[in-house]
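Read off the chains here:
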Amino acid sequence: MDETCEMKYKVVDSPLGKLEISGCERGLHGIKLHGGKTPDTGPAEAAAPAEQLGGSGAVLEPLLQCAAWLDAYFREPAVLEGLPVPALHHPIFQKESFTRQVLWKLLTLVKFGETVSYQQLAALAGNPRAARAVGGAMRSNPIPILIPCHRVVCSSGAMGNYSGGVGVKEWLLAHEGRPAGKAARGGGSRATGSWRGALGSTASSQPAGRD
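Because the structure is a prediction, the values reported are computed rather than measured.

Brief notes about the environment of threonine 108
Within the secondary structure, threonine 108 is located in helix H2 (residues 98-109). C-alpha separation for the pair threonine 108 and proline 148, spaced 40 residues apart in sequence, amounts to 9.8 Å.

Some points on the nonpolar core
Of all hydrophobic cores here, the largest spans 46 residues; its most connected members are Leu70, Met138 and Ile145. Only strand E2 (19-24), strand E3 (27-33), helix H1 (61-75), H2, helix H3 (118-124), helix H4 (131-140) and helix H5 (166-175) provide two or more residues apiece to this core. A total of eight residues in this core trace back to one element, the largest contributor, which is H1. Contacts of methionine 138, omitting those with residues within four sequence positions, involve Val102, Leu103, Leu106, Tyr118, Leu121, Cys149 and Val152.

Topic: the side chain of serine 14
With respect to the element layout, serine 14 can be found in the loop between strand E1 (8-12) and E2. Here serine 14 falls in the buried class, since its relative accessible area comes to 12%. For serine 14, the side chain forms a polar contact with the main-chain nitrogen of leucine 16, separated by 3.0 Å. Only 2.8 Å separates the side chain of serine 14 from the backbone oxygen of glycine 17, close enough to count as a polar contact. Filtering out sequence-adjacent residues up to four positions away, serine 14 remains in contact with Leu19 and Phe74.

Reading guide: rules and limits
- Residues numbered from 1 in each chain as written.
- Predicted model: local features only at pLDDT ≥ 70, side-chain atom pairs only at ≥ 80, totals over all residues.
- Heavy atoms only, no water.
- Helix = DSSP H or I, 4+ residues; strand = E, 2+ residues; numbered from the N terminus.
- Core = buried A, V, L, I, M, F, W, Y, C linked by side-chain atoms within 4.5 Å.
- Buried < 20%, exposed > 50% of the residue type's maximum accessible area, 1.4 Å probe, protein only.
- Contact = heavy atoms within 4.5 Å.
- Polar contact = N/O pair within 3.5 Å; in protein donor to acceptor, adjacent residues only side chain to side chain.

That's the geometry; what it means functionally is another story.
Following this line, the structure appears as structure tokens:
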């Protein structure tokens, strides 16, 4: 980016502990999981509202949209499809790269309750042999949960790594009704139809809400 963004921050409560969201007037920059807390309660019991904490002054629209999305994710996932995804303005989304393509495909194609393997996601991003690079893209993801790197698992059924800790990844998958340790399947997953359609398209994708 040529200009420096004026960053704003908000902290929201969640079953995973406090989440810090950051952004500028042009879009969301990040979600940080503070403490890597694994909830003591099961996903079905953890429906506490995502109370906004901290911060002062007017809250930017991308942060409000992100807070509303997170609140729905934890409390009422059925309404997620009807909510706007905030514009994304982290530097990683401002230039073409394989990492950007991987994260964008993950955001737009792998929905709540679905999983994808590293190899399948590499194919979606245009390079089926780049499963290792997909792992690097997951580590670089600045917006976990909203860009659901927890839904990327090993073809063998192994969980794979997660920046917030494997316990958090297991909890998120259980929250979405996806058993931990179940192999991603190219032929039987709910996401198969969208994968097949995406693999036949070479059109360039843009971050949500980007000018």
